[in-house]
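Observations on the three-dimensional arrangement
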Amino acid sequence: MILTKRESTELSSRLARAIEAALTRWSHAIGSSVLDCLVVDVHPWSGALNLSLRLTEDEHGVWGSHGVNVADWRYSHFASADPECDSEGLSEPDAWPEGNPVAAEIRRLFRDHAEQNLDVTDDQRACAFYRMCLAALGDAKLQGQIGNLPRSREFQILVPNVDHPSRTLSIPERSLHAAKKKKKPTTKKTAKKKTAKKKTAKKKTAKKKTTKKKTAKKKTTTKKAAKKKR
């Protein structure tokens, strides 16, 4: 095993919160610009971690089969984490204080597992961290935040595979809406509420029917009485 389930879950959760913080801090810079792509670029062997955004007005360079050429984007370094930096300041325009400890932990885990698992290649190890980043981007709270940003119809969320661009991981745009459409799991309380609503609805319809019958009877009796008088 390259990353344990606990390591992957904890790290993806921390990364999701770090991305959330970066988007919250610098969202004013985006303004009314429309996003076309969001990329988490990670180099686990060095700990380099970068959050990039492509706007619709950016040129769509070609890289692999996903049309990604991050260097040409206006926000190619929207937020950059440094594993060597333990500062919480924002001295650099692309500073990412929440990402720094995550980047350091990614590098530490990659190197630790490299020493422990000699049978696993660096490429296989790196893929485990790419999948972890994709899991972070699939976080429900983060997806909700991304869903509120102005996005194009072709909007993509990518985690590039540095050595094999064609193996780049992605989350399709439709998944941003899928979380909103998901039905809440039915619990005992919700089931009781549903049955109670159905019962009240049945009682109301039954009352309406009885009142209609009573009014119909009254009309017929009044008609009969009128005929007798004649």
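Below or above, wherever it landed, is the structure these notes cover.

Definitions and limits used
- Residues numbered from 1 in each chain as written.
- Predicted model: local features only at pLDDT ≥ 70, side-chain atom pairs only at ≥ 80, totals over all residues.
- Heavy atoms only, no water.
- Phe/Tyr/Trp six-rings, centres within 6.5 Å; stacked < 30°, edge-to-face > 60°.
- Helix = DSSP H or I, 4+ residues; strand = E, 2+ residues; numbered from the N terminus.
- Buried < 20%, exposed > 50% of the residue type's maximum accessible area, 1.4 Å probe, protein only.
- Lys NZ or Arg CZ within 6 Å of the ring centre and 35° of its normal.
- Expected span 1.5 Å × (residues − 1).
- Contact = heavy atoms within 4.5 Å.
- Pairing = 2+ DSSP bridges.
- Axes fitted to C-alpha atoms, helices over the stretch in contact; angles between N-to-C directions.
- Left-handed = near helix turned anticlockwise from the far one by under 90°.
- Nonpolar A, V, L, I, M, F, W, Y, C, P; charged D, E, K, R; others polar.

1. Examining the packing of aromatic side chains
All told, the structure shown has 3 aromatic pairs when counted by the stated rule. Aromatic pair Trp45 and Phe110: ring centres 6.3 Å apart, planes at 65°, arrangement edge-to-face. Taken together, the residues Trp45 in the loop between strand E1 (35-43) and strand E2 (48-55) and Phe110 in helix H2 (residues 99-116) connect sequence positions 65 residues apart. Owing to a relative accessible area of 32%, Trp45 belongs among the partly exposed residues under this scheme. A relative accessible area of 5% places Phe110 in the buried class. Judged by centre distance (5.8 Å) and plane angle (85°), the rings of Tyr75 and Phe78 are edge-to-face. Taken individually, Tyr75 and Phe78 each receive the classification buried, so the pair is uniform in this respect. Aromatic rings pair up to connect Trp45, Phe110 and Phe129 into one cluster. We note Arg125 situated over the ring of Phe110; from NZ or CZ to the ring centre the distance is 5.8 Å. For the cation-ring pair, Arg151 lies above Phe155, with the distance from its terminal atom to the ring centre recorded as 5.9 Å.

2. With respect to helix H3 (residues 122-137)
Over its 16 residues, H3 extends 23 Å from the first C-alpha to the last, a length consistent with the 22 Å expected when each residue adds 1.5 Å. If you check which residues of H3 are buried, you get Arg125, Ala126, Cys127, Ala128, Phe129, Tyr130, Met132, Cys133, Ala136 and Leu137. Next to the buried residues of H3 lie helix H1 (5-30), E1, H2, helix H4 (140-147), strand E4 (151-159) and strand E5 (169-171).

3. Side note on the sheet that holds E4
In spatial order, the strands read E3-E2-E1-E4-E5; together these 5 strands make up an open sheet with mixed pairing. Edge strands, defined here as strands with exactly one partner in the open sheet, are strand E3 (75-81) and E5. Ignoring strand direction, the axes of neighbouring strands in this sheet form an average angle of 20°. In the packing of H1 onto the sheet, contacts are made with E1, E2 and E3, and the angle to E3 comes to roughly 135°. Sitting on the sheet, H4 is in contact with E1, E4 and E5, with an inclination near 145° to E4.

4. A short note on the environment of Leu3
Note on placement: Leu3 falls in the segment before H1. Assessed through its relative accessible area of 10%, Leu3 is described here as buried. The spatial distance from the C-alpha of Leu3 to the C-alpha of Phe129 is 8.0 Å, given a sequence separation of 126 residues.

5. Overview of the environment of Pro97
Among the secondary structure elements, Pro97 is positioned in the loop between E3 and H2. Overall, Pro97 belongs to the buried group, its relative accessible area being 12%. Pro97 sits 17 residues away from Ser80 along the chain, and the two C-alpha atoms are 8.8 Å apart.

6. Structural notes on the packing of H2 against H3
Where H2 meets H3, the closest approach of the two axes is 11 Å, and the angle between their N-to-C directions is 145°. Pair H2 / H3 crosses with right-handed handedness. Taken together, the residues of H3 that come into contact with H2 (itself represented by Ile106, Leu109, Phe110, His113 and Ala114) are Asp122, Arg125, Ala126, Phe129 and Met132. Of the residues belonging to the contact of H2 with H3, the class tally is 7 nonpolar, 1 polar and 2 charged.

7. Here we look at the pairing of E1
For E1, the tally of buried residues reaches 8 of 9 residues, placing the bulk of the element in the interior. Relative to E2, E1 runs antiparallel, the two sharing 8 bridges. Bridge assignment links Leu35 to a residue of E2, and that residue is Leu55. The hairpin turn running from E1 into E2, its antiparallel successor, is 4 residues long, and Gly47 in that turn takes a positive phi close to 85°. In this sheet, E4 lies alongside E1 in parallel orientation, the contact comprising 4 bridges. Bridging across to E4, Leu35 finds its partner in Arg151.

8. Some remarks on the pairing of E2
Most of E2 is tucked away: 7 of the 8 residues are buried. Both E2 and E3 contribute to a ladder of 4 bridges, which runs antiparallel. Residue pairing in the sheet places Leu53 in a bridge with Tyr75 of E3.

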